[in-house]
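A closer look at the structure
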Amino acid sequence: AGEGEGEYDLDEDGGQGRRKAVVGRIFLSYSGVSDIEDVAVAVQVPEPLQAEASPSHVAKMRGGSSGGRTPTVVELKIYPGVACLPCDRTLSVSAYYKTASGEPRIAHCEVQLPLCLFGGLVPPVKSAAHKITLDTNKDAPQLVNVFEDLFASSRDAYLDANSGVNVMSLKYFSGEVVTTIVSKNAGRYRVQSDSEGALWLMMEELKERLTAYYAAADDEDAEPLQITLSDHLSVEGLHRSIDAHFESIEAVNALHQDLELHGRRFRAVQKRLLVRFKDRKPEPLSHLEALLDDTYDKIIDCCVRIDESTQEMLSRAREVVRSCHLFLSLLQCQFNLSDKQIAFLKKFLNPQVEHSQGGHTWEEYTESSLTYLLKAHLSKSQKDTISFGGVSKMTGTGKLKKLISTVVDRFSRGIALRLPS
């Protein structure tokens, strides 16, 4: 259970001024027979949010029926941030402890965070570069009834005066604006923004809130809600983000190779200087000292460029994550896929990008995963055994982009996704 504040005092430089937050409570209960001690509570929130759990350690929890009836309460504070657009909205809570016999245990829980942590309502902005249109089989409700919490927390006089207008603009704390416009004559919605990465979260929120809104109507004879994509499903946005991310990885790897080269040269010059200094009759340095200084400057410059390129790589990785979320959301609407099918697809087109120096990249893992998906779960005929071909190094993104297009093509041809039994 939790309660939240409606406004956030944010600094322009990216900090939260002293600073309002959504406040919640985590309830810990233990049903084991014996007592447990030193329970550590860890909370993980997506960028750009920050979280504080107090207390983060529970000294002792009683077991048995009494422990089940009286949970321990941990206060949770989640602060919004302005550093970047959100890539996820999942709050992860984990409790680590050891049993009486010393065996480690982990209890884990995930919760979807409220939209108010990522932005607030502003006067409607009706012009945008990127637009997505959704059709439904239901009459459209007023957005003030679908996003009741956002409208209730807004204190803008313009919004109060125009509450009857069926349009809503959300401004992320990072500055981007996403607008939802509802058609007057049909159950049609348009989600639009100047930033393509700002679309995915509003798309997910709109779909979930519309489903919950019509489910609450409790009309058993009514036709279930269907949300379809009225436009052609485009993969160009995902392709662009993959190309940009892969290029940034190549740039970082090239800089690391340059750093290794300069490091070897620096050590070689040092060794020559040491040999000269140890000689009883040393020869002239022959500009070795200047070469040493020049190589040192190149090492420092290379390190600075690696830091800058790494930040650029992480920024482009966030773009890949947001593009994956949007692509999967549109894929679900286009081909009427279930939540279970989308969750299964995320195992192959994973909207989580991680980096490890010298290891395989997200693109390489995804290329291998999609190859297996198309053979084992998205083909006309089902084979008895399909072997996983392993992960191989990539020299370009052409094959990966073709695999993504092939996934869309097979869905469009009516090939069903086979889920594991």
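Residues numbered from 1 in each chain as written. Predicted model: local features only at pLDDT ≥ 70, side-chain atom pairs only at ≥ 80, totals over all residues. Heavy atoms only, no water.

1. Points about the overall build of the protein chain
Secondary structure summary: the protein chain contains 10 helices and 14 strands in total. Looking at the protein chain as a whole, 42% of its 421 residues are labelled buried. For the protein chain, the computed accessible surface area is about 23,600 Å², with 48% contributed by carbon and sulfur atoms. (Helix = DSSP H or I, 4+ residues; strand = E, 2+ residues; numbered from the N terminus. Buried < 20%, exposed > 50% of the residue type's maximum accessible area, 1.4 Å probe, protein only. Areas by Shrake-Rupley, 256 points an atom, 1.4 Å probe, with all protein chains shown as cover.)

2. Description of the nonpolar core
As a rule of thumb, soluble globular proteins bury nonpolar side chains together. Formed by 87 residues in total, the largest nonpolar core has its most connected members in F147, F327 and L345. When residues no more than four places from it in sequence are discounted, the contact partners of F147 are L115, M168, M202, E205, L206 and R209. Counting residues in hydrophobic clusters, the runner-up holds six residues, among them L273, L288, L292 and I299. (Core = buried A, V, L, I, M, F, W, Y, C linked by side-chain atoms within 4.5 Å. Contact = heavy atoms within 4.5 Å.)

3. Observations regarding the layout of surface pockets
Quantified by volume, the largest pocket comes out at close to 1,600 Å³. Within the residue set of the lining of the largest pocket, elements represented by two or more residues are β7 (90-98), β8 (104-112), α5 (199-216), α7 (288-335) and α8 (339-345). Counting residues per element, the lining of the largest pocket draws most heavily on α7, at nine residues. Of the residues belonging to the lining of the largest pocket, the class tally is 16 nonpolar, 13 polar and 12 charged. (1 Å grid on protein atoms, 1.4 Å probe; cavity = no way out; pocket = protein on both sides within 12 Å on 5 of 7 lines; lining within 4 Å. Points joined across faces, edges and corners; volume = space filled by probe spheres on them. Nonpolar A, V, L, I, M, F, W, Y, C, P; charged D, E, K, R; others polar.)

4. Comments concerning the pattern of salt bridges
Counted by the stated rule, this structure contains 17 salt bridges. Put simply, R89 and E204 hold a salt bridge, and the shortest N to O gap is 3.9 Å. Within this pair, whereas R89 is found in the loop between β6 (72-79) and β7, its partner E204 is found in helix α5, the two being separated by 115 residues in sequence. We note that R89, like E204, is buried. If you follow the salt bridges from partner to partner, you end up with R89, D149, E204, E205, K207, E208 and R209 in one network. (Salt bridge = Lys/Arg side-chain N within 4 Å of Asp/Glu carboxyl O.)

5. A word on the packing of α7 against helix α10 (residues 398-412)
Two elements in contact, α7 and α10, have axes whose closest approach is 11 Å; the angle formed by their N-to-C orientations is 15°. Regarding the angle of α7 to α10, the classification is roughly parallel. Considering the relative orientation of α7 and α10, their crossing is right-handed. Side by side, α7 and α10 meet where F327, L331 and F335 of the first sit next to I404, V408, F411 and S412 of the second. When its residues are assigned to classes, the contact of α7 with α10 shows six nonpolar, one polar and no charged. (Axes fitted to C-alpha atoms, helices over the stretch in contact; angles between N-to-C directions. Parallel < 35°, antiparallel > 145°, perpendicular 65-115°, else oblique. Left-handed = near helix turned anticlockwise from the far one by under 90°.)

6. Considerations on the packing of aromatic side chains
Taken as a whole, this structure holds five aromatic pairs when the rule is applied. Their ring planes at 75° and their centres at 5.9 Å tell us that Y30 and Y97 sit as a pair that is edge-to-face. Taken together, the positions of Y30 in the loop between β2 (22-28) and β3 (36-44) and Y97 in strand β7 put the pair 67 residues apart, joining distant regions of the chain. Judged by centre distance (5.1 Å) and plane angle (65°), the ring pair of F344 and F348 falls under edge-to-face. Across the pair, F348 and F344 agree in class, each one buried. (Phe/Tyr/Trp six-rings, centres within 6.5 Å; stacked < 30°, edge-to-face > 60°.)

7. Notes on the environment of F348
Its location among the elements puts F348 in the loop between α8 and α9 (362-376). Each C-alpha atom, one on F348 and one on E367, is 8.8 Å from the other, the two residues being 19 residues apart in sequence.

8. Brief notes about the sheet that holds β7
Pairing within the open sheet is antiparallel, and its four strands lie in the order β5-β3-β7-β8. Both edges of this open sheet fall to β5 (57-61) and β8, since each of them pairs with a single strand only. Across the sheet, the axes of successive neighbouring strands diverge by a mean angle of 25°, strand direction being ignored. Two strands pair when backbone bridges link them, and β3 and β5 are joined in this way by four bridges, in the antiparallel orientation. Counterpart to I36 in the pairing with β5 is M61. (Pairing = 2+ DSSP bridges.)

9. A closer look at the sheet that holds strand β10 (residues 130-136)
The strand order across the open sheet formed by six strands is β9-β11-β12-β13-β10-β14, and the pairing between neighbours is antiparallel. In this open sheet, the two strands that pair with only one neighbour each are β9 (119-122) and β14 (227-229). The sheet shows a mean angle of 25° between the axes of neighbouring strands, direction not considered. Inspection of the sheet shows β10 paired to β14 by three bridges, in the antiparallel sense. Bridge assignment links D135 to a residue of β14, and that residue is T228.

10. What to know about the pairing of strand β12 (residues 177-182)
Within a regular strand, the side chains alternate between the two sheet faces. Most of β12 is tucked away, with five of its six residues classed as buried. Where strand β11 (residues 167-172) and β12 come together, five bridges link them in antiparallel fashion. Note on β12: the bridge partner recorded for L170 is V178. Once β11 ends, the chain turns through four residues before running back antiparallel as β12, passing G175 with a positive phi of about 115°. The pairing of β12 with strand β13 (residues 188-193) spans five bridges and is antiparallel. Bridge assignment links V178 to a residue of β13, and that residue is S193. The turn joining β12 and β13, which pair antiparallel and follow one another in sequence, is formed by five residues.

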